[in-house]
Amino acid sequence: MPLRNLGISRRNGYSSFYSGCQVCVKQTNDAVKIAASEPMFARRAAYSLEPFDAKLGADTASFPAAIHLMDIMVRPEVKEAVLSKAVRNLKGRSILLYNGCYKDAENIEEFKSILNILGAEVSLYGECCGGGKLRNATPVYSERVENANAAYAFFKLINRKADETNSDYILAACSMCERNIGDGIEMSSRDVFAPVIGLAEFAGFLLGIEGCGNLLPDDAGVSSSCCV
């Protein structure tokens, strides 16, 4: 499946694609490495791409094939553009930046600096959410219950961290983490908890894109021009 998505991207003229999900990024890049080193796997991948009129191309090993959104946002030219075009003033806001399985410490600190410049106090948390293991993809009832319990337990853990750091909301660097936390919220009977927002939507929130960040407190302030 990751190679199918990559093949479709390359069919449309792109050598790689960007994602807000670290799990997707890792699986795609791992699959490309395997296809480049194991001819049998490469032939099977090519066969599976035929119904989509897609190919990986001659340069199968083109790397990285998938790039995380945070890797893009911290590039100097992109960081400068985000700061110059941001319409959200985060002054007085406390954010729990949950990086989960995204482990590039330098990029995490660089992204944190963006939020700091925009006025936010930022705490970091990196405990694994459980990833795809928590998705309800099995028909076995006992495993569904086990996964639900694990998702709820993780939600309580990260919500406790948000409480300890007095965070207004949780910013999830990975879409899978965001989804798993959201599942935990749905299973919780708590009326008060830190809302969770994904990185892609948060970028839209900073830039004032309509419909992004509606779940967040609305008194953070919006300027008519850039806030730095």
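Details of the structure are given in the entry above.
Computed from a predicted structure; not experimentally measured.

A.B. asks: Tell me about the pattern of salt bridges, and name the residues and values.
C.D. replies: For the coordinates displayed, the defined rule picks out three salt bridges. Note that Asp30 and Lys26 form a salt bridge whose closest N and O atoms lie 2.7 Å from each other. Linking Asp30 with Lys26, this pair stays in helix α2 (residues 22-37), spanning four residues, or about one helical turn. When the shortest N-O distance is used, the salt bridge between Asp168 and Arg93 registers 3.5 Å. Of this pair, Asp168 sits in the loop between α7 (141-164) and β5 (169-172) while Arg93 sits in the loop between α5 (76-85) and β3 (94-98); the two residues are 75 residues apart in sequence, bridging distant segments of the chain. For Asp168, a relative accessible area of 26% puts it in the partly exposed group. For Arg93, a relative accessible area of 10% translates into the label buried.

A.B. asks: Just give me the short version of the packing of aromatic side chains, but keep the residues and values in it.
C.D. replies: The full count for this structure, using the stated rule, is three aromatic pairs. Consider the rings of Phe202 and Phe205, whose centres lie 5.6 Å apart with planes at 35°: the pair is tilted. Separated by three residues within a single helix, Phe202 and Phe205 lie in helix α9 (residues 199-206), roughly one turn from each other. With relative accessibility at 0%, the residue Phe202 sits in the buried group.

A.B. asks: I'd like a rundown of the sheet that holds strand β4 (residues 121-125), residues and numbers included.
C.D. replies: Remark on secondary structure: sheet strands pair via backbone hydrogen bonds, oriented parallel or antiparallel. Strands sit in the order β4-β3-β5-β6 across an open sheet of four strands; the sheet is parallel. In this open sheet, the two edge strands, each paired with only one partner strand, are β4 and β6 (196-198). The mean inter-strand angle of the sheet, taken between neighbouring strand axes irrespective of direction, is 30°. Bridge count between β3 and β5: four bridges; the pairing is parallel. Note that in β5 the partner of Ile95 across the bridge is Tyr169. Sitting on the sheet, helix α6 (residues 105-117) touches β3, β4 and β5, and the angle it makes with β4 is about 155°.

A.B. asks: Give a detailed account of helix α1 (residues 2-11), specifying residues and quantitative values.
C.D. replies: Of the positions making up α1, those classed as buried are Leu3, Leu6, Gly7, Ser9 and Arg10. Taken end-on, α1 shows its buried residues confined to a sector of 160°, consistent with a single buried face. For α1, the secondary structure elements touched by its buried residues are β1 (17-19), α2 and α3 (39-49). Two residues or fewer past α1, Gly13 is found with a positive phi of approximately 95°.

Cut-offs and rules
- Residues numbered from 1 in each chain as written.
- Predicted model: local features only at pLDDT ≥ 70, side-chain atom pairs only at ≥ 80, totals over all residues.
- Heavy atoms only, no water.
- Salt bridge = Lys/Arg side-chain N within 4 Å of Asp/Glu carboxyl O.
- Helix = DSSP H or I, 4+ residues; strand = E, 2+ residues; numbered from the N terminus.
- Buried < 20%, exposed > 50% of the residue type's maximum accessible area, 1.4 Å probe, protein only.
- Phe/Tyr/Trp six-rings, centres within 6.5 Å; stacked < 30°, edge-to-face > 60°.
- Pairing = 2+ DSSP bridges.
- Axes fitted to C-alpha atoms, helices over the stretch in contact; angles between N-to-C directions.
- Contact = heavy atoms within 4.5 Å.
- Arc of directions from axis to C-beta.

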